[in-house]
Amino acid sequence: VLMGANVANEVAQDHFCEATIGCDDPAFGALWKKVFHAPLFQIRVVTDCVGVEICGALKNVVALGAGFSDAIGYGGNTKAAIIRIGLQEIIRFTSEFYGDSVQSSTFLESCGLADMITTCFGGRNVKCAEAFVRLGQTWEEVEQSLLGGQKLAGTPCCKELLRVLRARGLVDKFPLFRNIHAIAFESAPPQSLINNLDSAE
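Residues numbered from 1 in each chain as written. Predicted model: local features only at pLDDT ≥ 70, side-chain atom pairs only at ≥ 80, totals over all residues. Heavy atoms only, no water.

Attention shifts here to a nonpolar patch on the surface. Residues Leu2, Phe28, Leu31, Trp32, Val35 and Phe36 make up a contiguous nonpolar surface patch of roughly 560 Å² in combined accessible area. For the nonpolar patch, the element with the most residues is helix H2 (residues 26–36), which contributes five residues. Among the structural elements, Leu31 can be located in helix H2. Overall, the relative accessible area of 49% leaves Leu31 in the partly exposed class. (Patch = residues over 30% accessible without salt bridge, like charges linked within 9 Å, V, L, I, M, F, W, Y side chains within 5 Å. Areas by Shrake-Rupley, 256 points an atom, 1.4 Å probe, with all protein chains shown as cover. Salt bridge = Lys/Arg side-chain N within 4 Å of Asp/Glu carboxyl O. Helix = DSSP H or I, 4+ residues; strand = E, 2+ residues; numbered from the N terminus. Buried < 20%, exposed > 50% of the residue type's maximum accessible area, 1.4 Å probe, protein only.)

Okay, here's the thing in structure tokens:
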């Protein structure tokens, strides 16, 4: 699996970036690196496929929170906190559901913290989440007006994430994910994003 902090239009403009390949066979991973690696598109290979995929999925949920924060008018301090807490909850999720099979070093690869930073500052999820709050539109209306036929990854992932957490009785261990879902799908006020974020500590 290939994930990383590489927004497509910047890759097309030859801006330097990185990506992570998750491949449980190191020899096969080395072959994939040869396919993609270039001076301006640098590849690192890890054997932690599960960790790479979880980071790639759940960072989009955190980005919804970053977009809500932008819509409220909060600044860099709040967004930095959202990113930190979001990464903490992603790590907690992997621990709860996958135990020690996910490598902690994966979170410092391009697919982890770097991709979360990129997504929370410039991705489609943060852009659409901000519009969702500012314009009062439905998610479908936001997608139609801003994405030109593309679809959001954060909203369906957020729904499924909360379904899984509720089924396991774990929602209270993930206050940021809970708050994001409540704003996105339960008509909670955007200002509730920062409510009780220390409740799982």
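In this section: the pattern of salt bridges. Within this structure, the stated rule accounts for nine salt bridges. Put simply, Asp115 and Lys59 hold a salt bridge, and the shortest N to O gap is 2.7 Å. With Asp115 in helix H5 (residues 110–122) and Lys59 in helix H3 (residues 49–72), this pair connects stretches of sequence that are 56 residues apart. The class of Asp115 is buried, set by a relative accessible area of 3%. With a relative accessible area of 10%, Lys59 lands in the buried category.

This part takes up helix H8 (residues 154–167). With 14 residues, H8 should cover 20 Å at 1.5 Å per step; its first-to-last C-alpha distance of 20 Å lies within 8% of that length. Every buried residue of H8 is listed here: Gly154, Thr155, Cys157, Cys158, Leu161, Leu162 and Leu165. Buried residues of H8 fall within an arc of 155 degrees about the axis and therefore sit on the same side. Buried residues belonging to H8 abut H3, helix H4 (76–98), helix H6 (124–135), helix H7 (139–146) and helix H9 (175–185). Gly169 lies just past H8 and shows a positive phi near 65 degrees. (Expected span 1.5 Å × (residues − 1). Arc of directions from axis to C-beta. Contact = heavy atoms within 4.5 Å.)

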